[in-house]
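Descriptive structure summary
Now for the letters of each chain:
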Amino acid sequence: MTDLYASDVCALARALVGCVVRHGETAGVIVETEAYHESEPACHAYVGRTPRTLTLFGPPGLAYVYRSYGIHAMLNAVAEPDGIGAAALIRALEPIEGIELMRARRGRERIEDLCSGPGKLTQALGIELTHNGGDLRDGPVTISAGERRLEVVSSTRVGITRATELPWRFSVPGSRFVSRR
DNA sequence: CATGGGATTGACT
DNA sequence: GTCAATCCCATGC
């Protein structure tokens, strides 16, 4: 895992599928990710270093958490060597621990509704903007190797308006826990 | 200092 | 299918 973070952001995004995100009592297996790199305009780091994007340019293995649409927190794993702005967005999880707590935080019962989207999973795991800049190897939010080997397919990213042609979305085919529209 | 947009979600027609 | 919620911060005057 440690070496993976420093590698190419697409390789990291693909490798993260099947890994386990944990925060406190809650945890889930990653089933969907997307890669973002400073060289393409969909990435926040495209505009260069700003107060908001500082974490993206930091050392690999950090959590980059930002607020989207004024409402939702988004969890990313910073990739590539220190000084390069890139990160893998965690888009969906299969819930495995703390499911009752997730239900309470989400106000939903169906297990498919708990973590099937980037804004949903941060709410379910209780991840906030204060976790921005934290180390994913030390916590409080951690990512660790999973036990299962999952099939992974790539496709185009969703919810963006620029660089929409890049096949930088990675997901488990047929999983009922991926985000859907 | 004012403004506008966004890697989304859920409620509603 | 449409649309509002809501806030950080990048950008421009």
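Residues numbered from 1 in each chain as written. Chains lettered and ligands numbered in written order. Predicted model: local features only at pLDDT ≥ 70, side-chain atom pairs only at ≥ 80, totals over all residues. Heavy atoms only, no water.

Focus: helix α2 (residues 9-16)
The complete set of buried residues in α2 reads Val 9, Cys 10, Leu 12, Ala 13 and Leu 16. Along the long axis of α2, the arc covered by the buried residues comes to 160°, so they all point the same way. The distance from a side-chain oxygen at the start of α2 to the backbone nitrogen of Cys 10 is 3.0 Å, and the residue carrying that oxygen is Asp 8. Two residues or fewer after α2 comes Gly 18, characterised by a positive phi angle close to 105°. (Buried < 20%, exposed > 50% of the residue type's maximum accessible area, 1.4 Å probe, protein only. Helix = DSSP H or I, 4+ residues; strand = E, 2+ residues; numbered from the N terminus. Arc of directions from axis to C-beta. Polar contact = N/O pair within 3.5 Å; in protein donor to acceptor, adjacent residues only side chain to side chain.)

Focus on the pattern of salt bridges
Side-chain pairs of opposite charge can arise where the charged atoms are in close proximity. Considering all chains together, one arrives at twelve salt bridges under this definition. The residue Arg 91 makes a salt bridge to Glu 34 at a minimum N-O spacing of 3.6 Å. Remark: Glu 34 occurs in strand β2 (residues 26-37) and Arg 91 occurs in strand β5 (residues 86-97); sequence separation between them is 57 residues. The exposure class of Arg 91 is buried, given its relative accessible area of 10%. The closest approach of N and O atoms between Arg 148 and Glu 94, which form a salt bridge, is 3.6 Å. Of the two residues, Arg 148 sits in the loop between β6 (141-144) and β7 (153-155) while Glu 94 sits in strand β5, which places them 54 residues apart along the sequence. Residue classification places Arg 148 among the partly exposed positions, given a relative accessible area of 43%. (Salt bridge = Lys/Arg side-chain N within 4 Å of Asp/Glu carboxyl O.)

Quick notes on the nonpolar core
In this structure, Leu 16, Val 21, Ile 90 and Ile 143 are the most contacted members of the largest nonpolar core, which totals 39 residues. Taken together, the elements giving at least two residues each to this core come down to α2, β2, β3 (63-68), β4 (72-78), β5, α4 (118-125) and β6. Counting residues in each nonpolar core, the second largest holds 14 residues, with Tyr 36, Cys 43, Leu 89 and Ala 163 among its members. (Core = buried A, V, L, I, M, F, W, Y, C linked by side-chain atoms within 4.5 Å.)

Note that all results are geometric; they support no functional claim without further evidence.
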